[in-house]
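Remarks on the overall topology
Residue-level listing of the chains:
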Amino acid sequence: MERTILHVDMDAFYAAVEQRDHPEYRGRPVIVGADPRGGRGRGIVATCSYEARRFGVRSAQPISEAWRLCPGGVYLRPDMRKYSRVSGLVMGILSGFTDLVEPVSVDEAFLDVTGCRRLFGPGEVIARKLRERISRELDLTASVGVATNKFVAKVASDLDKPDGLVVVEPGREREFLAPLAIGRLWGIGPKTEARLKALGVGTVGQLAALGAGAAARLLGDHGERLWLLACGIDDRPVSAGTGCRSIGHEVTFERDTADRLRLRNTLLDLSEKVARRLRAEGVRARTVTLKFRRSDFTTSTRRRSLAEAVDTAEAVFPVALDLFEGLFRDGMEVRLLGVTASGLEPGGGQRELFPPAPARDRKLAEAADDIVRRFGARAITRGSLLGGKEGA
Amino acid sequence: MKFTVTRNSLLNELNLVQGVIEKKSTIPILSNILVEASAEHLDIAATDLDVTIRCGCPARVDAEGTTTISARRLFDIVRLLPDGADIEISLLENDWVELRSGNSHYKIVALPKDNFPTIPETGPVVAYIPGSLLRSMIQRTMFAITQEESRYSLNGALVALLPDQIRMVATDGHRLALVSRSMEIPGLDAEIKSLIPRKTLVEILKLIGDQDSMVEFGRDDNNLFFGVGSKRLISRVLAGQFPNYELVIPRENDKFVIAATKPLGDAIRRAAVMSDEKLKAIRLAFRSGTLELSASSAEAGESREELEVEYEGEALQIGFNPVYLLDFVGACATDTISISIKDSETQGLLRPVGSSDLDYQYVVMPMKL
C-alpha cells in the first residue's frame, strides 16, 4: 500500500520560541548559540531567526562570524529546558494524529499517517490541521512535507520554509527531486558533491539517470543507496521506538587548553552526561567515540567497541579517557572534546554474575538521575569536577 | 657470530615465538627475536614486554655472538626452505645478518642486541603440574575470559594451587568456567593463587603442545614462570582482585535436565539463527521429557525446535545467550551433559555427565526475555 509520510520541521525553533516569549525580539535578528563576547566568542550558532538569516547568519556557523555579519542582533544563550518543554508540546500535538511519530530532534519529526487517512483525510489535510494546531496552540510555525516516504517528505518540508507546506503526489517523487542540487541527498558532503559535479552530475536527476551500477562505481558502498534516494525510493519505516542511533555531548573550550587534568575532568563530565541520557532512554551502548579537536581545527575521532553494552559513566569514562590518551600529547592545545555512545541496544538482556560493583554504580547513578530530575543538572556533581570542568 | 642449525629445529622454535611477537608493535625491536649463539647451542628470546619466551635448539657454533632479527621475516624464510636443509647464519658488519642454505642466500637487516629489553630471570620452581592436565584445564576455561580489556582483573584465568587440588577459573561476568582436580601437587608447600593473562595461557598451550611432560611453575612478585624442557615462558602477573567466584556457584538448583551433548549443540545453533541480533537470546522451555528451544526477532522471524531430554519436574522457561551455551558444549568433551536450574532469574549450572577425574562446572547467568 502507498504510504503517506509527513516530515514536520519547526521553523527556526529556538529563535522562534524566544521571539514568541519576548515580543521585543520580534522582527529583529535573533541568534541563539554561544556567547559572542563582542566577536571574540567561541562556539557556534545553534539557530537564528529568519531576520538574522538575511544577514547571512546560519546555524553551525562560528559565533564570531555571526557577530561580524550581524553585530546588531539579539544574541541569546540556548535555554534547552524551555525548548525541550515546548518540543514536548509539539510532539504531543503530533501524536494526536498518529502513534507513529518518530522524533528526529527537538524540532523535527516524521509521522506515518497511512493508517489514519480515513479518520483525518488525505496527507495534505492532516498537514494543514496539524500546522493550524501548532500555530493556534503554541504560536509557532512549522513547515511540513508530505510524500510517500521519509526522504522525499524531508526534502519537501525544506523547500518552502518558513511556514510552508509542500505535497509530493505519489508517483511524482523522481520528477520532484530531479532538479535539486546533488548536495541535498543525505550522505553527500561538499567533497563528494564537488567530485560528482566535476563528472557532470550536478542534480539529483542526473544521478538517478546514471543507473544503480554506475552510481555504485562512482560512490562506492553507499552508491546504490544514494541512487535509490535519487530515484525517490526510500523504504525506511517511521519508527516510534528509540529513534536515535547515537547519544553524544561535546564542548568547545572558552580558551584552548593543554591542561591534562582539566581535559580529563571534562571527559568525565561528558561521559556522565552521555551515560545519564543512555539510562534515561533505557538503552545501553556498545561503542564509545571520542571527538578531539586541536587549536588548529584538525579534528580526530577514535572509537572503540565494547564487549558489553554499557550505560554508566564508570564504564564510558575509562574508554573515553583511554582514547584521549592515544591522541593527546603534552603541550597540545585542545579546542573541543566530545563523547558519543552508539551501537545502542535495549537495556536489560544479559544478567550479571557479579552484580555488586556494577549494580552499585548503577544504583548510585539512578539516585543521581533522580536528583537531577528534581533539582536540575547543577544539583549534583562529582567532587573531582568541582571547579575543574568546562561548562557544556 | 656464526652458526649452523637444521631448518626443522629452527622452524620449531620460530613457530613457538611468533605468538609472543606483537603484530602491531610501535617499538621496532619488539618485532625482533634475540638470537644468541654460544657453545653448542642457539638461544632464542622474544618478548612483548608482558610475555617473554625463551627457547633454543642445538647448533654448530663457529663464532659466538648475539644479534636481533625480525621474527616474521626469519620465519618466512626458514619455513620456505626445504625440509631437512641446513642453515648457516652469520653476523656481518653494520648489523646485517647473512643466511645461507643450499643455493639460497639472504642478507637481512638486523638490529643490535643493546636495545633489546632485558629478559627477566626465572625464579625458583614452586610446583610441578602435569602438562596434559594443565592443557585440559586451560581448554575448558579460557573461552570464558572477558574480551573487554577494561575489566582488567577478568583478563585472565585464576589458577589456584591448593594442598589437595588444583583449580582454574575464568569469567567475563556473565558466565564462569571452573575446573578442578583433586591431587597433591609435587613441590608445593604453600597455597598459591595467580591470575594468568589470556595471552600467556595461549602460549602455555603452545609450549606444552601435544606432549605430556611436566610443567615447572614458579613466580616472584612481578612474574610467573612456566618451563617445559628447556623452554621458558615468563609472564607478567595480572594484578587486580579476581571476583569471589565461589559465591556464584549455585547450590540450590533443584531442577535437573540431562541432554545428549551433540544434539543439544545442534539444536541451539539452529534455534539461534533467529535470535534477535542485539539481544542474542534463545529461550529454553523445559517440560517433562522435552526441551523446547526457540528464538525470535522482530526483523528476522522465529524458530522453534523440540529435543528429547531427561527431565521430570515443573515446566520452566529460561533465556540464555546461545554462544555461552555452545562454548560449554564445545569444551565439555562428554556425550551427555546436565543442566541444573532454579528459576528463570538465577544462574544455571552446566556439567559434563560421566566425566573423567576433572570436576568441571560452568555457571551461566540467564537473560531477561
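Residues numbered from 1 in each chain as written. Chains lettered and ligands numbered in written order. Predicted model: local features only at pLDDT ≥ 70, side-chain atom pairs only at ≥ 80, totals over all residues. Heavy atoms only, no water.

**Concerning the overall build of chain A**
Helices and strands together make up the secondary structure of chain A, namely 15 helices and 12 strands. The long-range fraction of contacts in chain A, counting pairs at least 24 apart against all pairs at least 6 apart in sequence, stands at 65%. For chain A, the exposed surface amounts to about 19000 Å²; the carbon and sulfur share of it is 51%. (Helix = DSSP H or I, 4+ residues; strand = E, 2+ residues; numbered from the N terminus. Contact = heavy atoms within 4.5 Å. Areas by Shrake-Rupley, 256 points an atom, 1.4 Å probe, with all protein chains shown as cover.)

**Thoughts on the overall build of chain B**
A tally of helices and strands in chain B yields 6 helices and 25 strands. Taken over 369 residues, chain B has a buried fraction of 54%. A fraction of 66% describes how many contacts in chain B between residues 6 or more apart in sequence connect residues 24 or more apart. Counting only carbon and sulfur atoms, one obtains 47% of the accessible surface of chain B, whose full area is about 16900 Å². (Buried < 20%, exposed > 50% of the residue type's maximum accessible area, 1.4 Å probe, protein only.)

**Here's the deal with a nonpolar patch on the surface**
All names here are of chain B. Together, V125, Y128 and M214 line one region of the surface with nonpolar side chains, adding up to about 240 Å² of accessible area. Mapped onto the secondary structure, Y128 falls in strand β10 (residues 125–130). Judged by its relative accessible area of 33%, Y128 falls in the partly exposed class. (Patch = residues over 30% accessible without salt bridge, like charges linked within 9 Å, V, L, I, M, F, W, Y side chains within 5 Å. Salt bridge = Lys/Arg side-chain N within 4 Å of Asp/Glu carboxyl O.)

**So, the interface of chain A and chain B**
With 12 residues of chain A in contact, the opposing surface of chain B contributes 26 residues. Taken together, chain A and chain B are joined by 1 salt bridge. The tally of links between chain A and chain B comes to 3 residue pairs in polar contact (both at pLDDT 80 or more). Secondary-structure elements contributing two or more residues to the side of chain A that touches chain B are β11 (299–310) and β12 (334–346) of chain A. Looking at the side of chain A that touches chain B, the element that brings in the most residues is β11(A), giving 3 residues. Within the side of chain A that touches chain B, the residues separate by chemical class into 5 nonpolar, 3 polar and 4 charged. (Polar contact = N/O pair within 3.5 Å; in protein donor to acceptor, adjacent residues only side chain to side chain. Nonpolar A, V, L, I, M, F, W, Y, C, P; charged D, E, K, R; others polar.)

**So, the sheet that holds strand β2 (residues 30–33) of chain A**
All names here are of chain A. The strand order across the open sheet formed by 3 strands is β3-β2-β4, and the pairing between neighbours is mixed. A single partner strand is all that each edge strand has here, and the edge strands are β3 (45–48) and β4 (74–76). The sheet shows a mean angle of 25° between the axes of neighbouring strands, taken without regard to direction. In this structure, β2 lies alongside β3, joined through 3 bridges in antiparallel fashion. Considered in β3, the bridge of V32 is made with T47. (Pairing = 2+ DSSP bridges. Axes fitted to C-alpha atoms, helices over the stretch in contact; angles between N-to-C directions.)

**Structural notes on helix α1 (residues 13–21) of chain A**
All names here are of chain A. In terms of burial, α1 is largely enclosed, as 7 of its 9 residues are buried. Residues F13, Y14, A15, A16, V17, E18 and Q19 constitute the buried set of α1. The elements touched by buried residues of α1 are β1 (5–10), β2, β3, α2 (50–53), β4 and α4 (80–95).

**A look at the sheet that holds strand β8 (residues 165–167) of chain A**
Residues and elements named next belong to chain A. With mixed pairing, the 5 strands of this open sheet are ordered in space as β5-β6-β1-β7-β8. Each edge of the sheet is formed by a strand with only one pairing partner; in this case those strands are β5 (101–105) and β8. Here the average twist between neighbouring strands, direction ignored, is 15°. In the sheet, β5 pairs with strand β6 (residues 108–112) via 4 bridges, with the strands oriented antiparallel. Paired with E102 across the bridge in β6 is F110. Along the sheet, helix α6 (residues 123–138) makes contact with β1, β6, β7 (142–147) and β8, crossing β7 at roughly 170°.

**Some words on unusual backbone geometry**
Residue A:K161 is joined to A:P162 through a cis peptide bond whose omega torsion reads -10°. By secondary structure assignment, the location of A:P162 is in the loop between α7 (150–159) and β8. Positive phi is not limited to glycine here, since B:N94 has a value of about 60°. For B:N94, the position within the fold is in the loop between β7 (86–91) and β8 (96–101). Judged by its relative accessible area of 68%, B:N94 falls in the exposed class.

**Focus: the confidence of the model for chain B**
Per-residue confidence for chain B gives a mean pLDDT of 91, with 98% of residues at or over 70. Among the prediction metrics, the complex's ipTM stands at 0.78, with pTM recorded as 0.56. (pLDDT = per-residue confidence, 0-100.)

**A closer look at the pairing of strand β19 (residues 282–287) of chain B**
Across a regular strand the side chains alternate sides, sitting on one face of the sheet and then on the other. Residue and element names in this part refer to chain B. Two strands pair when backbone bridges link them, and β19 and strand β22 (residues 316–320) are joined in this way by 5 bridges, in the antiparallel orientation. In the sheet register, F286 faces β22, and the bridge partner there is L316. Both β19 and strand β20 (residues 290–297) contribute to a ladder of 5 bridges, which runs antiparallel. Paired with R287 across the strands is T290, a residue of β20. Hairpin connection from β19 to β20: 2 residues lie between these consecutive antiparallel strands, with G289 at a positive phi of about 80°.

**Quick word on the side chain of B:S90**
Relative to the assigned elements, B:S90 resides in strand β7. If we skip the residues at most four places from it in the chain, B:S90 touches B:M1, B:K2, B:W96, B:V97 and B:E98.

**Side note on the environment of A:S305**
With respect to the helices, strands and loops of the structure, A:S305 is situated in strand β11. Residues A:S305 and A:V319, 14 residues apart in the sequence, show an inter-C-alpha distance of 9.4 Å.

**Remarks on the environment of B:N321**
The residue B:N321 is located in the loop between β22 and α6 (322–331) in this model. Discounting chain neighbours no more than four positions away, the residues touching B:N321 are A:Q350, B:K280 and B:M367. A polar atom in the side chain of B:N321 sits 2.8 Å from the backbone nitrogen of B:V323.

**As for the packing of aromatic side chains**
Evaluation of the coordinates by the stated rule reveals 13 aromatic pairs over all chains. With 5.7 Å between their ring centres and 50° between their planes, B:F286 and B:Y311 make a pair best called tilted. Note that B:F286 is positioned in strand β19 and B:Y311 in the loop between β21 (301–308) and β22, a separation of 25 residues in sequence. Here the two residues B:F286 and B:Y311 agree in accessibility, since each one is buried. The side chain of A:R53 reaches across the aromatic face of A:Y50, ending 4.5 Å from its centre. The aromatic ring of A:F110 is capped on one face by A:K150, whose charged end is 5.1 Å from the ring centroid. (Phe/Tyr/Trp six-rings, centres within 6.5 Å; stacked < 30°, edge-to-face > 60°. Lys NZ or Arg CZ within 6 Å of the ring centre and 35° of its normal.)

**Observations regarding the packing of helix α11 (residues 212–219) of chain A against helix α12 (residues 223–230) of chain A**
Residues and elements named next belong to chain A. Their axes nearest at 7 Å, the elements α11 and α12 cross at an angle of 130°. With respect to α12, the element α11 is oriented oblique. Where α11 crosses over α12, the handedness of that crossing is right-handed. Packed against α11, whose contacting residues are A212, A215, A216 and L219, the element α12 presents G223, E224, L226 and W227 at the interface. Split by residue class, the contact of α11 with α12 holds 6 nonpolar, 1 polar and 1 charged. (Parallel < 35°, antiparallel > 145°, perpendicular 65-115°, else oblique. Left-handed = near helix turned anticlockwise from the far one by under 90°.)

**Here we look at the pattern of salt bridges**
Pairing between side chains of opposite charge can happen when the charged atoms of each approach one another. With the rule as written, the count across this model stands at 45 salt bridges over all chains. The closest approach of N and O atoms between B:E22 and B:K199, which form a salt bridge, is 3.1 Å. Taken together, the positions of B:E22 in the loop between α1 (7–18) and β2 (32–38) and B:K199 in helix α4 (residues 198–208) put the pair 177 residues apart, joining distant regions of the chain. Judged by relative accessible area, B:E22 falls into the partly exposed class, the value being 35%. For B:D266, the salt bridge identified is with B:R269, shortest N-O distance 3.2 Å. Taken together, the residues span about one helical turn, with B:D266 and B:R269 both in helix α5 (residues 261–272) at a distance of 3 residues. The exposure class assigned to B:R269 is partly exposed, which follows from its relative accessible area of 46%. Connected through salt bridges with shared partners, the residues A:E18, A:R20, A:D21 and A:K82 form a single ionic network.

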